[in-house]
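# Analysis of the macromolecular model
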Amino acid sequence: METTPGDDRLRPGRVQLALLAARKVEALMGARTAEPVAPPDAGRRGWEPLPRRPDRPGRLRRRGPGSGTGPSGGPGPSARARWGLRAASVLVPLVLWAAVSMAELVDPTFLPSPLAVLEAFAEMLGTGQLLDDTLASLGRVGAGFGLAVLISVPLGVAMGTSAVALALLEPAVGLLRYMPAAAFIPLLIIWLGLGEPSKIAILVLGVVFFNTLMVADAVRRVPGELGQAAATLGARRGEILRKVTWPYALPAVVDAARINAAAAWNFVVVAELIAAESGLGYRIVRAQRFLQTDKIFAVLIVIGIVGLLIDVALRVLRDRLGRWVV
């Protein structure tokens, strides 16, 4: 039987199938090329460009003052503007103080001039009194505040992670924190005497209860999804506490200590006002007896500077420990 070149049905099966597949491919390619292809941005022609958000730093750290953004997350002032505002917060009250003293609106016995305070500061620094008193107060703050932190952090972690500990400790801690530590001074003198133990105990009582509740709140703010994810991966309760809860809450714990460090300074001055032989509070009482208000102002400025340095150190520690917290 003769075959024509256009008749593919009589060819062997494999050749026929290949030809049919080739024809189908050609038909599909022809259909695709026949359809007009619209450019990717054909439907967007005439549209206005979309607004873009300003770039933000990609570092994972806390937002807020000093990080380039405002408290609400928006753009904050530049570094130069922030330093200018900080300088103004110190210079403006100083200029007003100097103006009032130069105008003699207040008796210098009650409000000495900045120059008189500077001279009193230089005098006490030259005799060594100011340095000795500062070191004595720092030692008391370090002992009392450190002991309060050692007590309050475990209690706060227990209250934040255990419902049993919370029900057991919260009523007592909540009751004791409303009792002023200064009211315990007579009892502490009776129990511990007039020496260092009674002064350190005042600091502990003034800090431990507030710090305990703040640590408990910091631990309770840890997202529960983190612990659930760790448990799903096989972590035990102790591992979740050590590797998830504690690292997440640590920056907030340091922040609570930073806030309560100011209370420790307040209480050390109160403790040194009674039956003390050294310390910044003792120096204030000595100056008050002889109406040496210039020395009182000098000591107050020293207390403020030392407290500010402690605050800055704890802030730096908090930021370094909380790099992973957004």
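Please refer to the structure higher up on the page.
What this report covers is the structure whose coordinates are included nearby. Keep in mind the model is a prediction, meaning the values are calculated, not measured. (Residues numbered from 1 in each chain as written. Predicted model: local features only at pLDDT ≥ 70, side-chain atom pairs only at ≥ 80, totals over all residues. Heavy atoms only, no water.)

Tracing the sequence through the fold places Arg140 in helix H4 (residues 129–161). Looking at Arg140, its side chain comes within polar contact range of the main-chain oxygen of Ser278, at 3.2 Å. Not counting residues within four places of it along the chain, the set of residues in contact with Arg140 comprises Phe145, Glu196, Lys199, Leu203, Val268, Glu272, Ser278 and Gly279. (Helix = DSSP H or I, 4+ residues; strand = E, 2+ residues; numbered from the N terminus. Polar contact = N/O pair within 3.5 Å; in protein donor to acceptor, adjacent residues only side chain to side chain. Contact = heavy atoms within 4.5 Å.)

So, about helix H11 (residues 293–321). The terminal C-alpha atoms of H11, which comprises 29 residues, lie 42 Å apart, in line with the 42 Å expected from a rise of 1.5 Å per residue. Among all positions in H11, only Thr293, Lys295, Ile296, Ala298, Val299, Val302, Ile303, Val306, Asp311, Leu314 and Arg318 are buried. Buried residues belonging to H11 abut helix H3 (114–127), H4, helix H9 (237–272) and helix H10 (280–289). (Expected span 1.5 Å × (residues − 1). Buried < 20%, exposed > 50% of the residue type's maximum accessible area, 1.4 Å probe, protein only.)

Positive phi, close to 55 degrees, is recorded for Glu104, a residue that is not glycine. Here Glu104 is to be found in the loop between helix H2 (79–102) and H3. With phi around 55 degrees, Leu291 is a residue other than glycine that occupies positive phi space. Its location among the elements puts Leu291 in the loop between H10 and H11. Judged by relative accessible area, Leu291 falls into the exposed class, the value being 61%.

Core analysis: the biggest nonpolar cluster contains 40 residues, and Phe145, Ile202, Trp265, Leu280, Val299 and Ile303 have the highest contact counts within it. If we ignore the near neighbours within four places in the chain, the residues touching Phe145 are Arg140, Val207, Ala257, Asn260, Ala261 and Ala264. If you look at the next biggest cluster of nonpolar residues, it comprises nine residues, including Val153, Val215, Ala252 and Val253. (Core = buried A, V, L, I, M, F, W, Y, C linked by side-chain atoms within 4.5 Å.)

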